[in-house]
Amino acid sequence: HGESALRSLWNAVMKIISTSLFFAVLVFFMTGSLAEILFPESSLTVQLFPIMTILVFIHVVFAMVAPMSDYLGGLRTRNIFLTAVSFIQLLDLWGLASTENLLITIISHVVISMILSIGYSLIAHKVFFNNYTIRLQSEIKLFILGVILSLSLVLFITYIINDVGDWIMADVWNFPMI
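Residues numbered from 1 in each chain as written. Predicted model: local features only at pLDDT ≥ 70, side-chain atom pairs only at ≥ 80, totals over all residues. Heavy atoms only, no water.

Student: I tried to follow the overall build of the protein chain on my own but got confused; where do I start?
Tutor: When you go through the protein chain residue by residue, the secondary structure sums to five helices and zero strands. Along the protein chain, helices and strands appear, N-terminal first, in the series α-α-α-α-α. When the 178 residues of the protein chain are sorted by exposure, 25% land in the buried category. (Helix = DSSP H or I, 4+ residues; strand = E, 2+ residues; numbered from the N terminus. Buried < 20%, exposed > 50% of the residue type's maximum accessible area, 1.4 Å probe, protein only.)

Student: I would appreciate a short explanation of the side chain of Thr105 in the present structure.
Tutor: Within the secondary structure, Thr105 sits in helix α4 (residues 102-129). Beyond its immediate stretch of four places on either side in the chain, Thr105 contacts Leu93 and Leu96. (Contact = heavy atoms within 4.5 Å.)

Student: When you look at α4 in this model, what are you seeing that I'm missing?
Tutor: Residues spaced three or four apart along an α-helix face the same direction, because each turn holds 3.6 residues. For α4, spanning 28 residues, the distance from its first C-alpha to its last is 40 Å, which sits close to the expected 40 Å at 1.5 Å a residue. Asn130 sits one or two positions beyond α4 and adopts a positive phi of about 55 degrees. (Expected span 1.5 Å × (residues − 1).)

Student: Teacher, can you tell me more about the packing of helix α1 (residues 2-38) against helix α3 (residues 54-97) here?
Tutor: Helix-helix packing is characterised by the crossing angle of the two axes and by the distance between the axes. Following both chains from N to C, one finds α1 and α3 inclined at 165 degrees, their axes separated by 8 Å at the closest point. What the angle tells us is that α1 and α3 run roughly antiparallel. Here α1 and α3 pass one another in a crossing that is right-handed. Along its contact with α1, which presents Leu6, Leu9, Trp10, Val13, Met14, Ile16, Ile17, Ser20, Leu21, Phe23 and Ala24, the element α3 presents Val56, Phe57, Val60, Val61, Met64, Val65, Met68 and Leu72. For the contact of α1 with α3, the per-class residue count stands at 18 nonpolar, one polar and no charged. (Axes fitted to C-alpha atoms, helices over the stretch in contact; angles between N-to-C directions. Parallel < 35°, antiparallel > 145°, perpendicular 65-115°, else oblique. Left-handed = near helix turned anticlockwise from the far one by under 90°. Nonpolar A, V, L, I, M, F, W, Y, C, P; charged D, E, K, R; others polar.)

Student: Please clarify how the environment of Leu122 should be interpreted in this entry.
Tutor: Mapped onto the elements of the fold, Leu122 is located in helix α4. What makes Leu122 exposed here is its relative accessible area of 58%. Note: C-alpha distance between Leu122 and Ser69 (53 residues apart in sequence) is 9.9 Å.

Student: Explanation requested: the side chain of Thr31 in the structure shown.
Tutor: Looking at the element boundaries, Thr31 is found in helix α1. In this structure Thr31 comes out as buried when scored by relative accessible area, which is 5%. Polar side-chain contacts of Thr31 include one of 2.8 Å to the backbone oxygen of Phe28. For Thr31, the contacting residues outside a window of four places in its chain are Phe49, Pro50 and Thr53. (Polar contact = N/O pair within 3.5 Å; in protein donor to acceptor, adjacent residues only side chain to side chain.)

Student: Quick question: what am I supposed to make of the packing of aromatic side chains here?
Tutor: Each pair of aromatic rings is reported with the distance of its centres and the angle of its planes. Scanning the entire structure with this criterion turns up four aromatic pairs. Measuring from centroid to centroid gives 6.2 Å for Phe81 and Tyr120, while their planes differ by 65 degrees, and the two rings are edge-to-face. Taken together, the residues span a long stretch of sequence, with Phe81 in helix α3 and Tyr120 in helix α4 at a distance of 39 residues. Relative accessible area serves as the criterion here: at 5%, Tyr120 is assigned to the buried category. Through pairs of rings, three or more aromatic residues link up here, namely Phe62, Phe81 and Tyr120. (Phe/Tyr/Trp six-rings, centres within 6.5 Å; stacked < 30°, edge-to-face > 60°.)

Student: When you look at a nonpolar patch on the surface in this model, what are you seeing that I'm missing?
Tutor: Together, Phe22, Phe23, Leu26, Met30, Leu34, Ile37, Leu38 and Phe39 make up an exposed nonpolar region whose accessible area comes to about 780 Å². Tracing the backbone shows Leu34 in helix α1. (Patch = residues over 30% accessible without salt bridge, like charges linked within 9 Å, V, L, I, M, F, W, Y side chains within 5 Å. Areas by Shrake-Rupley, 256 points an atom, 1.4 Å probe, with all protein chains shown as cover. Salt bridge = Lys/Arg side-chain N within 4 Å of Asp/Glu carboxyl O.)

Student: Help me out: how do you make sense of the packing of helix α2 (residues 44-52) against α4 in this one?
Tutor: At a minimum axis distance of 10 Å, the contact between α2 and α4 shows a crossing angle of 10 degrees. When the interaxial angle is binned, α2 and α4 end up roughly parallel. For the pair α2 and α4, the contacting residues are Leu44, Gln47, Leu48, Ile51 and Met52 in the first and Leu102, Leu103, Ile106, Ile107 and Val110 in the second. Taken together, the residues of the contact of α2 with α4 break down into nine nonpolar, one polar and no charged.

Structure, rendered in structure tokens:
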């Protein structure tokens, strides 16, 4: 029962993580409105909010994957990895603070968090399965395909509404654009 229980736990966690990815994408599409509502005077938040939405997904990975590997012998490896990345992050953010470029500093923080998330996932996978390769379940593949198709459709409709719609309204119908 031990190995099948581990696989079941891993699959359940992957389902939660994939749901958080969907939620992060949903929040990404709302960032412009949220930034304007929460910080109407700041134009920088409109740039920062979309970049930071990936942190929703990353923090779910932190919360779910890291503790699982700790209980199965991955704590030492994870602590060594965390210490190394934290040292690099300290130097990176310290160096970027002198530039006073908040956008680059936030992007750097997000990239380092992504590196931590990937590292934690690789450590957990090794602790759980050693060299066993996990195949994505069909529902996860379909979910990823659905997200990609939905994003593509939204981008296409946005293009049609913004570019082609303006052309039709202004040139074809001779409506004044506001």
